[in-house]
Amino acid sequence: MPCFVILLRRNLERPALPPASVRRPPPMKTPQAPLDKVILGIDPGTNVLGYGVLHIQGRRVEVKAMGVIDLRRCKDVYLKLGRIYEQVTKLLQEFLPDELSIEAPFFGKNVQSMLKLGRAQGVAIAAAISRDVPIHEYAPLKIKQAITGNGAASKEQVAAMLGKVLRLDAAESVPFLDATDALAAAYCHYLQTSRPQPAAGASAHSWAAFARANADRVSSGRKGVVNNSDQ
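Calculation rules
Residues numbered from 1 in each chain as written. Predicted model: local features only at pLDDT ≥ 70, side-chain atom pairs only at ≥ 80, totals over all residues. Heavy atoms only, no water. Helix = DSSP H or I, 4+ residues; strand = E, 2+ residues; numbered from the N terminus. Buried < 20%, exposed > 50% of the residue type's maximum accessible area, 1.4 Å probe, protein only. Contact = heavy atoms within 4.5 Å. Areas by Shrake-Rupley, 256 points an atom, 1.4 Å probe, with all protein chains shown as cover. Core = buried A, V, L, I, M, F, W, Y, C linked by side-chain atoms within 4.5 Å. Pairing = 2+ DSSP bridges. Arc of directions from axis to C-beta. Polar contact = N/O pair within 3.5 Å; in protein donor to acceptor, adjacent residues only side chain to side chain.

**Q** It is not clear to me how the overall build of the protein chain should be interpreted in this structure. Could you clarify?
**A** Check the secondary structure of the protein chain and you find 6 helices and 6 strands. Written out in order from the N terminus, the α and β elements of the protein chain read β-β-β-β-α-β-α-β-α-α-α-α. Within the protein chain, the fraction of its 231 residues that count as buried is 40%. For the protein chain, long-range pairs separated by at least 24 residues make up 66% of all intrachain contacts whose partners lie at least 6 apart in sequence. Carbon and sulfur atoms provide 56% of the accessible area of the protein chain, an area that totals close to 13100 Å².

**Q** How do you make sense of the nonpolar core when you look at a structure like this?
**A** It is characteristic of soluble globular proteins that their nonpolar side chains tend to be buried jointly. Core analysis: the largest hydrophobic core is formed by 27 residues, its most contacted members being Leu54, Ile143, Ile147, Leu162, Leu166, Leu183 and Tyr187. At the level of elements, strand S3 (48–57), strand S4 (60–70), helix H3 (140–148), helix H4 (155–165) and helix H5 (177–194) are the ones that each hand at least two residues to this core. By size, the runner-up hydrophobic cluster in this structure holds 24 residues, among which are Ala120, Ala124, Ala127 and Val133.

**Q** When you look at the environment of Pro175 in this model, what are you seeing that I'm missing?
**A** With respect to the element layout, Pro175 can be found in the loop between H4 and H5. In this structure, the C-alpha to C-alpha distance between Pro175 and Val68, residues 107 residues apart in sequence, is 9.5 Å.

**Q** I tried to follow unusual backbone geometry on my own but got confused; where do I start?
**A** Excluding glycine, residues mostly have negative phi values, and the peptide bonds linking residues are mostly trans. A positive phi is found at Asp132, a non-glycine position, where the angle reads about 60°. Topologically, Asp132 is positioned in the loop between helix H2 (111–130) and strand S6 (135–138). The class for Asp132 is exposed, based on a relative accessible area of 70%. The phi dihedral of Arg167 is positive, around 55°, even though this residue is not glycine. Counting through the fold element by element, Arg167 comes out in the loop between H4 and H5.

**Q** In this structure, what is going on with the pairing of strand S5 (residues 99–103)? I would like to understand it.
**A** Strand residues, when the strand is regular, have side chains that alternate between the two faces of the sheet. Burial analysis of S5 places 5 of its 5 residues in the buried class, the great majority of the element. What you see with S5 is no split at all: Glu99, Ser101 and Glu103 on one side and Leu100 and Ile102 on the other are buried throughout. With 4 bridges joining them, strand S2 (residues 36–43) and S5 adopt parallel strand pairing. Residue Leu40 lies in a different strand from S5, and its bridge partner there is Leu100.

**Q** Honestly, H3 in this entry has me stumped. Any pointers?
**A** For an α-helix, the turn length of 3.6 residues means that residues three or four places apart are oriented alike. Considered for burial, the residues of H3 that qualify are Pro140, Ile143 and Ile147. Buried residues of H3, seen end-on, are gathered within an arc of 65° and therefore sit on one face of the element. The inward-facing, buried residues of H3 abut S5, S6, H4 and H5. Where H3 terminates, the next one or two residues include Gly149, which has phi positive at roughly 85°.

**Q** Hey, could you run me through the environment of Asp76 in this one?
**A** One can find Asp76 in the loop between S4 and helix H1 (77–95). Residue Asp76 is classed as partly exposed on the basis of its relative accessible area of 33%. A distance of 2.9 Å separates a polar atom in the side chain of Asp76 from the backbone nitrogen of Leu79.

The values reported here are purely geometric and, on their own, carry no functional implication.
This is how it looks when you write it as structure tokens:
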């Protein structure tokens, strides 16, 4: 039985990245923030799988592409998994990501849904492993907290916040929140890895030390105002 896959995608008109073998290494003075890095975000699903690609250059973040892999016309569950592997592999080959950020299955009440999501996630991870791409997994609550400050935020709220932060036009979006969820996973990983890391063995023993190490997370003193040099 044939298994049809529908691809819905938005590419931004920006120059393509050079092959990984010729990319410039990060400067030694900022080892925690590579000068040139591509992050592929995946929101796993067996019916609709979302993806988003971010290009990081220093502190500049650009959206390279976002879209979905629509598998709703594919009825055989194992053929779906095969198509997910094929399409994710194509994304890896095209964008040459340095890292994969993927949303973890939500441990809700529906066990069958969780198992299906786990299979889709596993296949996407296997595709990344086959290309030697480092993998990072984030819980949905962690991603929502990183993007909106609220771990219980809706998909619509996450999409709206990403639109503001990444300056996405309506024409650059797709009519599936799975795509913005995937972008959120990628952006969450960027936020987690772009923060300065304490030296080995060091810890914040006072509020002043914590504030110095986490300036982007500390209020400026006025109610409702938060310092964030990344935005």
